[in-house]
Amino acid sequence: MSLAGKTILMSGGSRGIGLAIALRAAADGANIAMLAKTDTPHPKLEGTVHTAAEAIRAAGGKALPIVGDVRSDDDITEAVLKTQGEFGGIDIVINNASVIDLSRSADLAAKKYDLMQDVNVRGTFMLSRAAVPVMKDAPNPHILSLSPPLNISAKWLGAHTGYTLAKYGMTMATLGLAAEFADAGIAANTLWPRTTIATAAVQNLLGGDRVMAASRTADIYADAAYSVLNKPAASYTGQTLIVEDVLEADGVTDFSKYAAVPGTPDDRLFPDIFLD
């Protein structure tokens, strides 16, 4: 497997899971364009699109940082054109940008509901759609969205309805694209972890240090994404994939190296949301 010479267009990616996926691809010598808003350092969050680009180059890849907003149609068009112009095409789109708010319905601000819909659902659809005409010329084109399976149990539908709608919307858009562009040979899949991943979102929104210590590193997500993106697009599409299942299918049986705190047994890890 190799992503050498492949061109990835990713939404977000300044830090966390998106950056980990980018660095895994960069180790092969991939080209990575990132459409992200973080142009200057955030007071509470590490990393900008520019520091991410530096890390990608240091890892062996080529980087194209694009400051923009996935909510803007003009920014999306510019990102596609810049990526095509810089690298000659687009092989892979990764819908990584996502907003999270786990507020109950009565407490969720209308602006935050709209933001989650605009970034998570509309952004996934619009970025993917804009890249499809270019991707049709790629030898093994993939769309990968970082979103969960459609679990319609009352437990998850009612847990945080606004956020659930936004993440399921990402998945539905991706599955729709898989069906619509199957004849063009473009794969579209989603990928979600079985345990929480040690990211800023987990630190700030899902439980702080306690949950961070019971999480896996973003490397496990990156390794699974790497595997998916190397699969044959014509046949490996339309799936809501689980990170650990992907790696197990590749023969990985020991996940201990991915523990955020070395030595943490698997049964002590915190389960991610949306999975029973």
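The preceding data block contains the structure.
Residues numbered from 1 in each chain as written. Predicted model: local features only at pLDDT ≥ 70, side-chain atom pairs only at ≥ 80, totals over all residues. Heavy atoms only, no water.

### A short note on helix H9 (residues 218–229)
Then, number 1: For H9, built from 12 residues, the straight-helix expectation of 16 Å at 1.5 Å per residue is met to within 8% by its first-to-last C-alpha distance of 17 Å.
Then, number 2: Of all the 12 residues making up H9, 10 are buried; the element is thus mostly covered by neighbouring parts of the structure.
Then, number 3: When we look at burial in H9, the residues that qualify are Ala218, Ile220, Tyr221, Ala222, Ala224, Ala225, Tyr226, Ser227, Val228 and Leu229.
Then, number 4: Along its buried surface, H9 packs onto helix H1 (16–26), strand E4 (92–95), strand E5 (142–145), strand E6 (187–192), strand E7 (240–242) and helix H10 (243–249). (Helix = DSSP H or I, 4+ residues; strand = E, 2+ residues; numbered from the N terminus. Expected span 1.5 Å × (residues − 1). Buried < 20%, exposed > 50% of the residue type's maximum accessible area, 1.4 Å probe, protein only. Contact = heavy atoms within 4.5 Å.)

### Considerations on the pattern of salt bridges
Then, number 1: Evaluated as defined, the whole model comprises nine salt bridges.
Then, number 2: In this structure, Asp73 and Arg122 form a salt bridge, with 2.9 Å as the shortest nitrogen-oxygen distance. Linking Asp73 in helix H3 (residues 73–87) with Arg122 in helix H4 (residues 110–135), this pair joins segments that are 49 residues apart in sequence.
Then, number 3: Look at Arg122 and you get partly exposed, because its relative accessible area is 31%.
Then, number 4: Arg216 is the partner of Glu244 in a salt bridge, and the nearest nitrogen-oxygen pair spans 2.7 Å. (Salt bridge = Lys/Arg side-chain N within 4 Å of Asp/Glu carboxyl O.)

### Notes on the layout of surface pockets
Then, number 1: Roughly 1,400 Å³ of volume is contained in the largest pocket.
Then, number 2: Of all elements in the fold, only H1, strand E2 (31–36), H4, helix H6 (161–180) and helix H7 (200–205) reach the threshold of two or more residues within the lining of the largest pocket.
Then, number 3: Of all the elements, H7 adds the most residues to the lining of the largest pocket, at five residues.
Then, number 4: Of the residues in the lining of the largest pocket, the class split is 22 nonpolar, 13 polar and nine charged.
Then, number 5: Estimated volume of the second largest pocket: approximately 210 Å³.
Then, number 6: Taken together, Arg15, Gly16, Leu19, Leu45, Glu46, Gly47, Ala198, Thr199, Ala200, Thr217, Ala218 and Asp219 make up the lining of the second largest pocket.
Then, number 7: Residue assignment for the lining of the second largest pocket shows that the elements contributing at least two residues are H1 and H9.
Then, number 8: Of the residues in the lining of the second largest pocket, the class split is five nonpolar, four polar and three charged. (1 Å grid on protein atoms, 1.4 Å probe; cavity = no way out; pocket = protein on both sides within 12 Å on 5 of 7 lines; lining within 4 Å. Points joined across faces, edges and corners; volume = space filled by probe spheres on them. Nonpolar A, V, L, I, M, F, W, Y, C, P; charged D, E, K, R; others polar.)

### Remarks on H4
Two residues of an α-helix separated by three or four positions point the same way, owing to the 3.6 residues in each turn.
Then, number 1: When the terminal C-alpha atoms of H4 are compared, their 35 Å separation across 26 residues agrees well with the 38 Å that a helix rising 1.5 Å per residue should span.
Then, number 2: The largest bend in H4 amounts to roughly 40° and is located at Gly123. (Bend = angle between axes of the 7 residues up to and from the residue.)

### Here's the deal with the pairing of E2
Then, number 1: Within E2, six of the six residues are buried, which leaves the element mostly enclosed by the surrounding structure.
Then, number 2: Side-chain alternation along E2 places Asn31, Ala33 and Leu35 on one buried face and Ile32, Met34 and Ala36 on a second face that is also buried.
Then, number 3: Note that strand E1 (residues 7–11) and E2 share five bridges and pair parallel. The residue bridging Leu9 from the neighbouring strand is Ala33, located in E2. (Pairing = 2+ DSSP bridges.)

### So, the packing of aromatic side chains
Then, number 1: As enumerated under the stated definition, the model contains five aromatic pairs in all.
Then, number 2: Their ring planes at 40° and their centres at 6.4 Å tell us that Phe255 and Tyr258 sit as a pair that is tilted.
Then, number 3: Overall, Phe255 belongs to the buried group, its relative accessible area being 6%.
Then, number 4: Within the aromatic cluster, the residues linked to one another by ring pairs are Trp156, Tyr163, Tyr168, Trp192 and Phe274.
Then, number 5: We note Arg24 situated over the ring of Tyr226; from NZ or CZ to the ring centre the distance is 3.7 Å.
Then, number 6: Over the face of the ring belonging to Tyr236 we find Lys231, whose NZ or CZ atom lies 5.4 Å from the ring centre. (Phe/Tyr/Trp six-rings, centres within 6.5 Å; stacked < 30°, edge-to-face > 60°. Lys NZ or Arg CZ within 6 Å of the ring centre and 35° of its normal.)

### Concerning the nonpolar core
Then, number 1: Ranked by internal contacts, the top residues of the largest apolar core, which has 82 residues, are Ile32, Met34 and Leu191.
Then, number 2: When residues no more than four places from it in sequence are discounted, the contact partners of Ile32 are Ile8, Ala22, Ala25, Ala26, Ile56, Lys62, Ala63, Leu64 and Phe87. (Core = buried A, V, L, I, M, F, W, Y, C linked by side-chain atoms within 4.5 Å.)

### Looking at the sheet that holds E4
Then, number 1: Within the open sheet, the seven strands sit side by side as E3-E2-E1-E4-E5-E6-E7. Their pairing is parallel. Edge positions in the open sheet fall to strand E3 (62–67) and E7, since each of these has one partner strand only. Taking each pair of neighbouring strands and ignoring which way they run, the sheet shows an average axis angle of 20°.
Then, number 2: Here E2 pairs with E3 via six bridges, running parallel. When the sheet's bridge partners are listed, Ala33 is paired in E3 with Leu64.
Then, number 3: The strands that H1 touches are E1, E2 and E4; relative to E2, the one it contacts most, it runs at about 165°.
Then, number 4: Lying over the sheet, helix H2 (residues 49–59) contacts E2 and E3, oriented at roughly 175° with respect to E3. (Axes fitted to C-alpha atoms, helices over the stretch in contact; angles between N-to-C directions.)

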